[in-house]
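A look at the structure
Residues per chain, in single letters:
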Amino acid sequence: MINILLVDDHAVVRMGLSMLLNSHADMRVVGEASEGNEGIKKALELKPNVVIMDLSMPHGKDGLSATSELKKLMPEVNILILTMHDDEEYLFRAIQAGASGCILKSAPHDELLAAIETVAKGDAYLHPSATKRLMEEYMGALRHGNADTFNLLSDREKEVLTLVAKGFSNKEIAEQLVISVKTVETHKGNVMEKLQLKTRPELVQYAIKKGLLGYGL
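Nothing here was measured: the structure is a model prediction, and the numbers come from that model. (Residues numbered from 1 in each chain as written. Predicted model: local features only at pLDDT ≥ 70, side-chain atom pairs only at ≥ 80, totals over all residues. Heavy atoms only, no water.)

**Examining the overall build of the protein chain**
Secondary structure assignment for the protein chain yields 10 helices and 6 strands. Residue burial in the protein chain is summarised as follows: out of 217 residues, 45% are buried. Long-range contacts, defined as pairs at least 24 residues apart, comprise 61% of the intrachain contacts of the protein chain with a sequence gap of at least 6. In the structure as shown, the protein chain presents an accessible area of about 11,300 Å², 54% of it carried by carbon and sulfur atoms. (Helix = DSSP H or I, 4+ residues; strand = E, 2+ residues; numbered from the N terminus. Buried < 20%, exposed > 50% of the residue type's maximum accessible area, 1.4 Å probe, protein only. Contact = heavy atoms within 4.5 Å. Areas by Shrake-Rupley, 256 points an atom, 1.4 Å probe, with all protein chains shown as cover.)

**Here we look at the sheet that holds strand 1 (residues 2-7)**
The 6 strands lie next to each other as 2-1-3-4-5-6, forming an open sheet whose pairing is parallel. The strands lining the two open edges of the sheet, one partner per strand, are strand 2 (27-33) and strand 6 (125-126). In the sheet, strand 3 (residues 50-54) pairs with strand 4 (residues 78-83) via 5 bridges, with the strands oriented parallel. Paired with V50 across the bridge in strand 4 is N78. Contacting strand 3 and strand 4, helix 3 (residues 63-73) runs over the sheet at an angle of about 155° to strand 3. Those strands touched by helix 5 (residues 109-120) are strand 1, strand 2, strand 3, strand 4, strand 5 (101-104) and strand 6, and its axis lies near 155° from that of strand 4. (Pairing = 2+ DSSP bridges. Axes fitted to C-alpha atoms, helices over the stretch in contact; angles between N-to-C directions.)

Printed below as a string of structure tokens:
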């Protein structure tokens, strides 16, 4: 039996998924949550085999942040990202956050069921078009000699990395980018996690190597 937790901010979506999944003898929805923090709490309580996590949840913790935090608390849980975003940036970020798979909300029911069964076994699942684009992106990076974790950073994260390396404080960066200090801290944390860096000097050295400061090593 595959025990499933649904995390989505739309009650109608959760209801539809619950009806679909509970109609299969080997699947059971054991709980629902409307945002990331609630999803983490229920996952720790209910111990599901698979968490189906919506990517965009404007109220509360979003799907990527919840996925990253949940994987640290429950490394054994398999998280399937459910999203309407069909582009490389979200795909890379979902994988980096620890998701076992990513599927579009527009995918046929059979594909969703197959994805759940795949991640429940501990395997990775990507919808066919995402796999093709991922390979194209990676091969392109290889051809240009820059197939490294820098490509996992979003444009905003690259901006934050550059400003941090230039010595700006979180408050100054927030003012320049017209975002909150908390958002700057989140971006900064994501950058350090993705690049596997632990200190500000390491960030500065990395930025210099990448030529982000106008000169390189």
